[in-house]
Structures are given as structure tokens and as C-alpha cells.
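Chain by chain, the residues run as shown.
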Amino acid sequence: MCGIVGYVGRRPGKPIILDGLRRLEYRGYDSAGLTLLEAGGLETVRAVGNLDALFAAVGDGASPATVGLGHTRWATHGSVRVENAHPHADCTGRISVVLNGIIENYKELRAALTARGHRLTSETDAEVVVHLVEEHAGEGLAAAVRAAIPRLEGHFAFCAVSADEPDLVVGTRREAPLVVGVGEDEMFFASAIPAFLSHTREVIVLEDGDVVTLRASGAECTDVAGVSVERAVSVVPWDQDAAEKAGYDTFMLKEINEQPAALRDTLAGRLSEAGDVDLAETGMGDEMLRRLRRIFIVACGTSYHAGLIVSYAIEQLARVPVQIDVASEFRYREPVFDPDTLVIGITQSGETADTLAAMRLARAAGSPVLALCNIMGSQATREADHVLFTRAGLEIGVAATKTHTAQVAALLLLALRLAWARGVQPEAELRRLGHELRAVPEKLEELLARPSAVEEIAARYRDERFFLYLGRGMGFAVCLEGALKLKEISYIPTEAYAAGEMKHGPIALLDKESPVVVVADDSPVFPKLVSNVEEVRARGADVIAVATDGNETIRELSRDVLWVPRTDHHLAPILTVVPLQLLAYHIATLKGYNVDQPRNLAKTVTVE
Ligand code: AGP
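Reading guide: rules and limits
Residues numbered from 1 in each chain as written. Predicted model: local features only at pLDDT ≥ 70, side-chain atom pairs only at ≥ 80, totals over all residues. Heavy atoms only, no water. Pairing = 2+ DSSP bridges. Helix = DSSP H or I, 4+ residues; strand = E, 2+ residues; numbered from the N terminus. Axes fitted to C-alpha atoms, helices over the stretch in contact; angles between N-to-C directions. Contact = heavy atoms within 4.5 Å. Buried < 20%, exposed > 50% of the residue type's maximum accessible area, 1.4 Å probe, protein only. Arc of directions from axis to C-beta. Salt bridge = Lys/Arg side-chain N within 4 Å of Asp/Glu carboxyl O. Near = heavy atom within 4 Å. Polar contact = N/O pair within 3.5 Å; in protein donor to acceptor, adjacent residues only side chain to side chain. Areas by Shrake-Rupley, 256 points an atom, 1.4 Å probe, with all protein chains shown as cover. Nonpolar A, V, L, I, M, F, W, Y, C, P; charged D, E, K, R; others polar.

Comments concerning the sheet that holds strand β18 (residues 369-373)
Judged by pairing direction, the sheet is parallel, and its five strands sit side by side in the order β16-β15-β17-β18-β19 without closing on themselves. The two strands at the open ends of the sheet, each matched to only one other strand, are β16 (322-326) and β19 (386-389). Strand-to-strand twist of the sheet, defined as the mean angle between neighbouring strand axes without regard to direction, takes the value 20 degrees. Relative to β19, β18 is paired through four bridges, and the arrangement is parallel. From the neighbouring strand, L372 faces β19, where its bridge partner is L388. On top of the sheet, helix α12 (residues 353-364) reaches β15 (294-299), β17 (341-347) and β18; it is set at about 165 degrees to β17, its chief contact.

Quick look at helix α16 (residues 454-461)
Along an α-helix, a turn takes 3.6 residues, which lines up residues three or four apart on a common side. Every buried residue belonging to α16 is among V454, I457, A458 and Y461, and all of these are buried. Projected down its long axis, α16 shows its buried positions confined to an angular sector of 100 degrees, all on one face. For α16, exposure combined with an orientation more than 90 degrees from the buried face picks out E455 and E456.

Some thoughts on the pattern of salt bridges
The tally for this structure, following the rule as stated, stands at 41 salt bridges. Notably, a salt bridge pairs R331 with D354, separated by 2.7 Å at the nearest N-O pair. Residue R331 is located in the loop between α11 (327-330) and β17, and its partner D354 is located in helix α12; the two are separated by 23 residues in the primary sequence. Residue R331 shares its accessibility class with D354, and that shared class is buried. A salt bridge links R566 to D522, with the nearest nitrogen and oxygen atoms 2.7 Å apart. With R566 in the loop between β24 (560-564) and α20 (573-590) and D522 in the loop between β22 (515-520) and α18 (526-538), this residue pair connects regions lying 44 residues apart in the sequence. Each of R10, R11 and E186 takes part in one network of salt bridges that share partners.

Notes on the pairing of strand β9 (residues 179-182)
The alternating pattern of β9 places V179 and G181 and V180 and V182 on opposite faces, both of which are buried. Here β9 runs beside strand β10 (residues 186-190); their pairing, made up of four bridges, is antiparallel. Considered in β10, the bridge of V180 is made with F189. Judged from the three bridges that link them, β9 and strand β11 (residues 202-205) form a sheet pairing that is antiparallel. When the sheet's bridge partners are listed, G181 is paired in β11 with V203.

Some thoughts on the environment of A313
Within the secondary structure layout, A313 lies in helix α10 (residues 301-318). Classification of A313 as buried rests on a relative accessible area of 0%. With 117 residues separating them along the chain, A313 and L430 place their C-alpha atoms 12 Å apart. Excluding its chain neighbours within four sequence positions, the residues that come into contact with A313 are A318, L412, A415, M474 and H570.

A closer look at the site of the ligand
Taken together, the neighbourhood of the ligand is formed by 13 residues, with S303, T347, S349, T352 and E488 sitting nearest. Measuring from an oxygen atom of the ligand, one finds a side-chain N or O atom of S349 at 2.6 Å. Calculation on the ligand without its partners gives an accessible area of 410 Å², and the protein chains cover 91% of this total. Going through the elements one at a time, α10 and α17 (474-490) are the ones with two or more residues in the shell around the ligand. Per-element accounting of the shell around the ligand gives the leading share, three residues, to α10. When grouped by side-chain class, the residues that make up the shell around the ligand number four nonpolar, seven polar and two charged.

Considering unusual backbone geometry
The linkage connecting H86 with the following residue, P87, adopts the cis geometry, with an omega of 5 degrees. Turning to its location among the elements, P87 is positioned in the loop between β4 (67-73) and β5 (88-89). Backbone geometry at E334 places phi at a positive 50 degrees, although glycine is not the residue there. Here E334 is to be found in the loop between α11 and β17. A residue is classified by how much of its surface remains accessible, and E334, at 72% relative accessible area, is exposed. The residue Y491 is not glycine, and still its phi comes out positive at about 65 degrees.

Taken by themselves, the reported measurements are silent on function.
Structure, rendered in C-alpha cells:
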């Protein structure tokens with residue numbers, strides 16, 4: 001999730017663009033860059049690191065340029081180095097492009113462009129765009145952008161400037177955000193409204209396929225075919241803080257709602273429409289995957305829960321034995337390693353001390369280590385043999401939400417890749433699962449758009465002093481995550497238990513109207529879960545079930561049901577965890593707590 005800023009107007013663009021980038025810093029910052037249209041052509045400066053590095057690189061000198069682009073990068077393709085920072089220039093150096101999103105077919109495009117004589121200088125997917133635009137530059141920048149768009153697969157928003165048309169900026173979007181700010185003899189592009197909110201509240205929200213040309217005098221919008229389209233100007237009521245949260249009250253709620261986009265980004269280019277899984281980027285070839293005799297998963301907190309959830313799927317689908325442990329235990333229990341044991345370190349920050357130590361221990365013992373991480377350039381990515389990135393974008397809220405579901409999706413890709421490589425499932429079954437996984441982001445979008453009973457349930461139980469969470473199989477692992485969410489932001493004691501274990505002790509905790517959350521989606525263990533729910537009901541507890549749409553059995557047994565769309569039970573945790581995130585969120589909010597910065601907690605635990 002990168003940040004784009006474009007400016008054309010009556011004022012010098014440099015300070016406006018830099019300030020806009022600063023306002024988008026919450027979107028991610030491992031490198032940044034700026035292009036200004038000076039008299040002699042394009043002046044571009046790029047720097048690795050957060051925006052301070054770019055500010056230092058551009059210096060305090062004033063520039064008369066009134067047209068330019070800026071970009072703050074959250075790397076998805078290509079390491080964190082200056083050549084991969086945006087803006088990217090074409091071969092002539094007269095066109096510059098900044099992009100947010102993923103070009104899924106960039107490898108084929110790179111090969112074709114190189115074969116046609118283009119010199120590409122980065123590892124990024126974004127760079128192919130400026131060279132495609134260059135190939136039509138003679139038709140004018142807007143026409144060249146329109147010509148490039150149909151060649152691109154994926155979801156993106158990009159802006160372009162040309163030294164040959166120094167009074168305009170062209171921008172377009174497809175399933176990635178791009179908005180226009182309408183000022184007084186000045187116009188703005190941005191990935192998000194905060195970038196220009198201090199200059200104007202008049203906004204044009206663009207639709208997919210819009211190609212917009214901005215001049216100081218205003219905006220011209222067409223579709224990809226060049227046919228004019230009208231787009232309304234609206235006035236946003238937000239202040240700066242609300243704008244950074246995209247109008248949500250908190251970063252956590254914003255990030256819960258960003259999960260469909262985070263899933264799409266994480267799956268993009270790795271899961272084809274035919275259901276094939278491509279994880280070549282990890283360097284783990286099928287021969288290595290076939291040779292594996294065991295997998296260790298090590299992680300902490302929510303990342304541990306992601307690993308536990310998918311450990312079931314890996315064993316069931318790929319038939320590889322999986323052991324999983326919290327990193328703080330793993331690192332001291334003298335585990336037995338061997339070269340055919342893959343150790344997977346799951347850490348969204350890539351900086352968690354216990355997970356790093358566990359990974360180092362494994363590597364020193366000769367086991368190959370895979371880091372599943374959300375932040376390029378983080379320590380974990382530098383201390384692993386293989387890396388698989390989630391592409392959830394920067395997560396501000398201390399309570400992990402979008403990074404968690406992105407981890408589950410990435411691990412499910414690995415489970416499928418393993419099953420393909422080891423030939424232990426019928427091809428048709430793996431393709432079916434691949435199709436189902438591709439459909440999950442849309443199902444989650446639909447779920448988040450539903451009216452939900454969760455706020456009413458939260459209001460009913462906000463003063464409860466204890467919650468019990470019960471589930472079986474992957475549902476039990478989802479319960480652990482749901483219980484942690486409630487614990488860490490509402491400070492209510494919770495316990496998550498394998499439902500079959502309940503009669504071995506925890507049932508003593510229940511009394512009349514105790515809230516018991518049950519993850520009861522349709523799965524092979526559902527019938528067993530029903531009897532556990534009946535045991536709970538018999539003690540007078542209130543059952544709050546997370547269940548698959550239309551499951552009448554659970555409806556009759558529950559006081560409340562939080563419904564989720566149907567999907568394969570291996571994939572269901574991506575959906576069933578979301579009502580539990582929202583339940584925790586609304587209870588904590590009703591209790592007046594700061595959900596973005598809960599007491600005693602830090603986003604990353606870099607100490608033992
Ligand atoms: C989860 O909401 C917490 N933020 C915490 O448990 C977190 O998952 C854990 O500290 C691991 O962090 P990591 O993924 O960055 O390693």
C-alpha cells in the first residue's frame with residue numbers, strides 16, 4: 001500500500017508534494033521519491049528509508065516547478081533500494097510515473113519491453129508502466145496512459161507527467177484508490193484525502209477505469225476508450241485525523257475494513273484464475289517441497305494463531321507433519337532439527353525478538369527457514385533462507401487484524417503449493433480450493449457490508465467479567481485469536497478451549513448467562529461441536545455463535561448468531577475471525593478504551 005501525490009497549479013509544487021507525502025506516511029515508507037517539472041525537463045530525487053531521507057535528499061532549496069509527482073513506497077515487488085523507489089522514468093527520461101498496487105503480469109511485460117529495446121533499471125512491477133506509456137508518448141500523455149492500461153493485469157493506481165506537456169498530470173485507477181483534490185487554480189492527485197486536505201475539501205472520487213487529466217484550471221475525465229465521463233465534486237467533512245483513518249473512528253476499524261484489499265494484494269500474482277499457485281518468489285522449488293519431512297512453525301501472539309490455523313490445512317491437504325510452538329518456548333526447549341525440516345517464522349513486523357531468536361536457532365542447526373513477513377527489509381527477511389510477504393500494508397493498530405488474515409491467506413497458498421508439489425491431492429480438488437480462495441476477498445467484502453448484530457451483542461455483554469471461547473479444529477485456533485483480541489483491547493479475561501475439552505474442567509466456569517462464543521462454521525467437526533454447545537446451553541450459558549449462512553441447527557442452539565458466507569472449511573477462518581475482531585472492537589469501544597493503543601502493549605515486541 002503505497003502513497004501517491006500529484007500536483008499542478010499556481011504555486012511551487014515541491015513543498016505541497018512533500019507535505020502530502022508526509023500526510024500519507026501512515027500508508028508505508030521504506031523508500032520515497034519526487035519528480036518536479038523544471039524548465040529543462042524532469043528533476044527526480046529518490047531516497048531509501050522513511051520520508052526524512054527524502055526530505056534530506058531534496059534539501060530546502062526552493063523550486064519554481066508548479067507540476068510534479070511524489071511517492072512513498074511500501075515495497076511489494078523488489079527489495080528496498082533506491083533503484084526500486086518511485087518515480088520511475090522511461091528510457092528518454094521525459095516521462096515519470098508513480099504507482100500504487102500490483103501489476104500481476106509484470107514479468108511478461110518486462111520481457112516483452114526488454115525485447116523491444118527498453119532498458120529497465122529496477123526489480124519492480126511498477127516500472128513496466130512508464131515504458132508502456134513511453135511507447136505511445138507521441139499520441140499525448142493522456143492517450144498514452146489509455147493505451148497502456150489494457151496491457152496491465154492486476155489492481156493499481158498510477159500518475160504520470162511528461163516534460164513534453166509540462167502543464168498537466170494524468171492519473172488512472174483500477175481497484176486501488178486515487179482521488180482528485182479541486183483547489184483554486186490548482187489540482188491534486190492522491191492515494192488518500194489527507195494528502196491535500198489542508199489545501200481543499202473539494203474531492204472527486206474516481207471510478208475504476210477513469211483516466212483523468214489535471215491542469216491548474218481543472219480536471220478532464222475519460223474512460224479507457226477516451227470517451228468523456230462526468231465525475232461529481234463532493235466536499236469532505238473530515239478533519240486531518242479522521243482523514244488519515246479514512247473516516248473510520250480508529251485505525252483498528254479502518255484496518256478491519258481493509259482486509260479484503262489486503263487479501264487481494266497478498267493473493268495477487270500468486271493464485272491464478274485456474275487455481276494454480278505460484279510461490280517461485282520464495283525460492284522453494286517443488287523438489288525441495290517434495291523432500292520436506294516436517295514443518296516447524298514458530299511465532300508469537302496473533303501470528304502464532306495464524307500458524308496454528310493453517311497447520312491443520314497443511315497436514316490435511318499436503319500431508320506434511322506440522323509442529324507449532326510459541327517462539328519463546330521453542331527457542332529454549334532444545335528442539336530437534338534436520339535439513340528436511342522447514343522452519344516457518346511468522347512475524348508481521350519482522351522484528352519480534354523471540355521469533356527472530358527461534359529462526360536463528362533453526363538456521364544454525366541447518367534447517368531451512370522461511371520468513372512470513374509484512375515488512376520488506378525487516379530483520380526476519382534478512383535472516384531467512386526464504387521469504388514470503390504478506391501485502392497487508394502498514395498496520396497502525398496495535399491489535400493485529402489485516403496482517404493476521406493476510407498471514408492465513410499466505411499460509412494457505414503455501415499449503416496448496418505443498419499439496420501440488422507432493423501430488424497428494426487430486427488436481428481438481430486443488431483447483432477447487434484455489435478458486436474458493438480467490439473468492440474469499442469478495443466474500444469478506446460482502447460480510448463487512450452486512451448489517452451486523454455484533455454491536456447489539458457487544459452492548460449486552462460489555463460489562464461481563466469473563467468470556468469463554470469454544471471451537472474444534474481450525475475453529476479452535478480461531479477462538480484463540482478471538483479471545484486474544486478481546487483480552488488485549490477490552491482487558492476482559494477470556495479463555496479459549498477446544499470444545500471437546502470443556503467437560504474436562506472449564507465447564508465449571510459456567511453459570512447462568514455466561515457468554516460463550518462458539519466458532520461453529522460448517523466443517524467435518526460441526527456435528528461434534530453441536531453436542532458441546534448443548535452441554536453449554538444446559539448450564540444456562542448464553543451462546544454467541546459464529547456460523548455459516550443458513551445453518552439452522554446452530555441458530556436454534558444460540559442466543560445470537562454472527563453469520564459468515566459459505567466457503568470451504570479450510571478457508572473459513574479468514575471469514576470467521578472477523579466477527580470476533582468486531583466483537584472485541586465494539587466491546588472495548590463501549591468501555592471507552594483506546595483500541596489503537598491498548599494499555600501495556602506495543603505493536604512490536606523487540607525484547608525477550
Ligand atoms: C496481536 O494483536 C498483538 N499485536 C501481538 O500478539 C502480535 O501478534 C505479536 O506480538 C507478534 O507480532 P509479529 O507478528 O510482529 O511478530
